[in-house]
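Fold and contact review
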Amino acid sequence: MLNFALRRLNLLFFTLLMLTLVAFSLNYFFPGSAIVNMTGLVNASESQLANYQDIYRMDQSLFFQYVAYLRELFSGNLGVSMSTQKPISEELVTYLPATIELSLAALILAMLFGIPLGFIAAIFHNKTADKTILVIAMVGYSLPVFWLALILILLFSITLPWFPSSGQLNLLFEIEQVTGFKLIDILISDSPYRWQAFQDALKHLVLPAIAVAVAPMTIFIRLARTSMLEVLESNYIKAARAKGLSNTKIIYYHGIRNALVRIIRDMGLQFANLMTLAMIAEVIFDWQGAGSWLIDSIFQRDYTAIQGGLIALASFTFLINILADFIYAALNPVERYARHGT
């Protein structure tokens, strides 16, 4: 397990190093001064610029500039936003939890519906249920998230006014931001109307979560179907059938458990996909998350915010993938000891 952890951590470190190299190079490709693109200080005085040129070693070679850039990044200094002149780290703390909350809700929905449907398709392989579920998966995967979001708003916010069309919470509720996760902030608040606010926040979460969850749900359907088919064709399942166990017991006690382990391996990749889809949905549903903040920064040509958002979102995605790999290795001994498994 220790060797597995070291390999994964080395991969994470190398990937992040390449990412910081790309972000550092952008400072010279973006219009304007490289030191202004690094710091975000648009209206800085000559003395301030001279100070930062000394900090980032702008009078030395690109290698030493990159080392100075890494030093500032690891110290938590991502610069300030060119548009708001606020530290990028503070803005990420403000907006990133909302994106994580939306992505987690969409991930739960995708797994709750996608994995059982995939198992059903595998159990009824090459039958009507299997073909119907595969058609649904293909159609769902083909739907663009922005089009699906607009259709959901049209159906369930305008035609049937069941859910709000935008925002995270009704403006009537005043909830102080503590963690950045709206549902958690509501529950820990001392507001006498927190349960009403919690229900309202859930209603605001439904449509964005569905719009983001549809495409990953279809992928979970295919992953679960493939995984269950492989398990049902394995030797221990054939041995269980030879012993006279019913098909229901085989699937419940042996099939589902072993098929789920294989799905966990790809969960991290799907979370990365969710983060990308959430960025689009946030703009349509006016969800104040890191995605909408980053897209606004692109429109405003806020180069410092673009770099900081790129590094933060990519780092978080890498950490989720590493965590999923650790969970998979913990549940699957063959992955930990590959030499024994072969």
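One can find the structure itself at the top, above this paragraph.
The sections below set out a description of the structure shown in this document.

What counts, and where the lines are drawn
- Residues numbered from 1 in each chain as written.
- Predicted model: local features only at pLDDT ≥ 70, side-chain atom pairs only at ≥ 80, totals over all residues.
- Heavy atoms only, no water.
- Helix = DSSP H or I, 4+ residues; strand = E, 2+ residues; numbered from the N terminus.
- Buried < 20%, exposed > 50% of the residue type's maximum accessible area, 1.4 Å probe, protein only.
- Contact = heavy atoms within 4.5 Å.
- Lys, Arg positive; Asp, Glu negative; His and termini not counted.
- Charge placed at Lys NZ, Arg CZ, Asp CG, Glu CD.
- Salt bridge = Lys/Arg side-chain N within 4 Å of Asp/Glu carboxyl O.
- Patch = residues over 30% accessible without salt bridge, like charges linked within 9 Å, V, L, I, M, F, W, Y side chains within 5 Å.
- Areas by Shrake-Rupley, 256 points an atom, 1.4 Å probe, with all protein chains shown as cover.
- 1 Å grid on protein atoms, 1.4 Å probe; cavity = no way out; pocket = protein on both sides within 12 Å on 5 of 7 lines; lining within 4 Å.
- Points joined across faces, edges and corners; volume = space filled by probe spheres on them.
- Nonpolar A, V, L, I, M, F, W, Y, C, P; charged D, E, K, R; others polar.
- Polar contact = N/O pair within 3.5 Å; in protein donor to acceptor, adjacent residues only side chain to side chain.
- Expected span 1.5 Å × (residues − 1).
- Bend = angle between axes of the 7 residues up to and from the residue.
- Core = buried A, V, L, I, M, F, W, Y, C linked by side-chain atoms within 4.5 Å.
- Phe/Tyr/Trp six-rings, centres within 6.5 Å; stacked < 30°, edge-to-face > 60°.
- Axes fitted to C-alpha atoms, helices over the stretch in contact; angles between N-to-C directions.
- Left-handed = near helix turned anticlockwise from the far one by under 90°.

Details of the overall build of the chain
Check the secondary structure of the chain and you find 16 helices and zero strands. Overall, the chain is about 85 × 55 × 40 Å in size when its C-alpha atoms are taken along their principal axes. Residue burial in the chain is summarised as follows: out of 342 residues, 44% are buried. If you take every contact in the chain between residues at least 6 apart in sequence, the share linking residues at least 24 apart comes to 70%. With 22 positive and 22 negative side-chain charges, the chain shows a spacing of 20 Å between the two charge centroids.

A word on the pattern of salt bridges
Enumeration over the complete set of coordinates arrives at two salt bridges. A salt bridge links arginine 71 to glutamate 72, with the nearest nitrogen and oxygen atoms 3.9 Å apart.

Some words on a nonpolar patch on the surface
Together, Val178, Ile184, Leu187, Ile188 and Trp195 line one region of the surface with nonpolar side chains, adding up to about 510 Å² of accessible area. The element best represented in the nonpolar patch is helix 8 (residues 182-188), accounting for three residues. Judged by its relative accessible area of 40%, leucine 187 is partly exposed.

Here's the deal with empty space enclosed by the protein
Within the structure shown, the criterion is met by three cavities of 30 Å³ or more. Reported here for the largest cavity is a volume of approximately 100 Å³. Together, 14 residues line the largest cavity, and Met38, Tyr69, Leu73, Leu78 and Gln307 are the ones closest to its centre. Of all the secondary-structure elements, those providing two or more residues to the lining of the largest cavity are helix 2 (34-39), helix 4 (62-74) and helix 14 (303-331). The leading source of residues in the lining of the largest cavity is helix 14, at four residues. Of the residues belonging to the lining of the largest cavity, the class tally is six nonpolar, seven polar and one charged.

Observations concerning the layout of surface pockets
Estimated volume of the largest pocket: approximately 310 Å³. Forming the walls of the largest pocket are 16 residues, and the residues nearest its centre are Leu16, Leu73, Phe74, Ile311 and Ser315. For the lining of the largest pocket, a count of residues per class yields twelve nonpolar, four polar and no charged.

Section: unusual backbone geometry
For glutamine 85, which is not glycine, the phi torsion reads 60° and is therefore positive. The residue glutamine 85 is located in the loop between helix 4 and helix 5 (88-123) in this model. In this structure, arginine 301 is a non-glycine residue whose phi angle is positive, near 55°. Its location among the elements puts arginine 301 in the loop between helix 13 (290-299) and helix 14.

Description of the side chain of aspartate 185
Mapped onto the fold, aspartate 185 is located in helix 8. We note that aspartate 185 is buried and unpaired, the nearest opposite charge coming from lysine 182 at a distance of 5.9 Å. Within the structure, aspartate 185 has its side chain in polar contact with the backbone nitrogen of valine 178 (distance 3.3 Å). Discounting residues that sit within four places of it in the chain, aspartate 185 has contacts with Ile175, Glu176, Gln177, Val178, Thr179 and Gly180.

Examining the environment of leucine 310
Mapped onto the secondary structure, leucine 310 falls in helix 14. Given the relative accessible area of 31%, leucine 310 is considered partly exposed. In sequence terms leucine 310 and leucine 187 are 123 residues apart; their C-alpha atoms lie 31 Å from each other. When neighbours within four sequence positions are excluded, leucine 310 is seen to be in contact with Leu19 and Leu26.

Some words on helix 9 (residues 194-232)
End to end, helix 9 covers just 48 Å across 39 residues, shorter than the expected 57 Å (1.5 Å per residue, more than 12% under). The largest bend in helix 9 is about 40°, located at valine 214, with the proline proline 216 one to four residues further on.

Considering the nonpolar core
With 79 residues, the main nonpolar core has Tyr69, Leu102, Phe119, Ile186, Val212, Met228 and Phe285 as its most contacted residues. Residues within four places of tyrosine 69 in sequence aside, it is in contact with Thr20, Ala23, Phe24, Asn27, Met38, Tyr56, Gln307 and Ile311.

Digging into the packing of aromatic side chains
For any pair of aromatic rings, geometry is given as the distance between the ring centres together with the angle between the planes. Applying the stated criterion to the full structure yields seven aromatic pairs. With centroids separated by 6.2 Å and ring planes inclined at 15°, the aromatic side chains of tyrosine 95 and tryptophan 293 adopt a geometry described as stacked. Highlighted residues: tyrosine 95 in helix 5 and tryptophan 293 in helix 13, separated in sequence by 198 residues. Centre to centre, the rings of phenylalanine 156 and tryptophan 162 are 5.9 Å apart; their planes meet at 35°, and the pair counts as tilted. By way of ring pairs, the aromatic residues Phe24, Tyr28, Tyr66 and Tyr69 are connected into one cluster.

Some points on the packing of helix 5 against helix 9
The geometry of helix 5 relative to helix 9 is characterised by a closest axis approach of 5 Å and an angle of 35° between their N-to-C directions. Here helix 5 and helix 9 pass one another in a crossing that is right-handed. Here the residues of the contact of helix 5 with helix 9 are counted per class, giving 27 nonpolar, two polar and one charged.

All we've got here are geometric facts, nothing functional implied.
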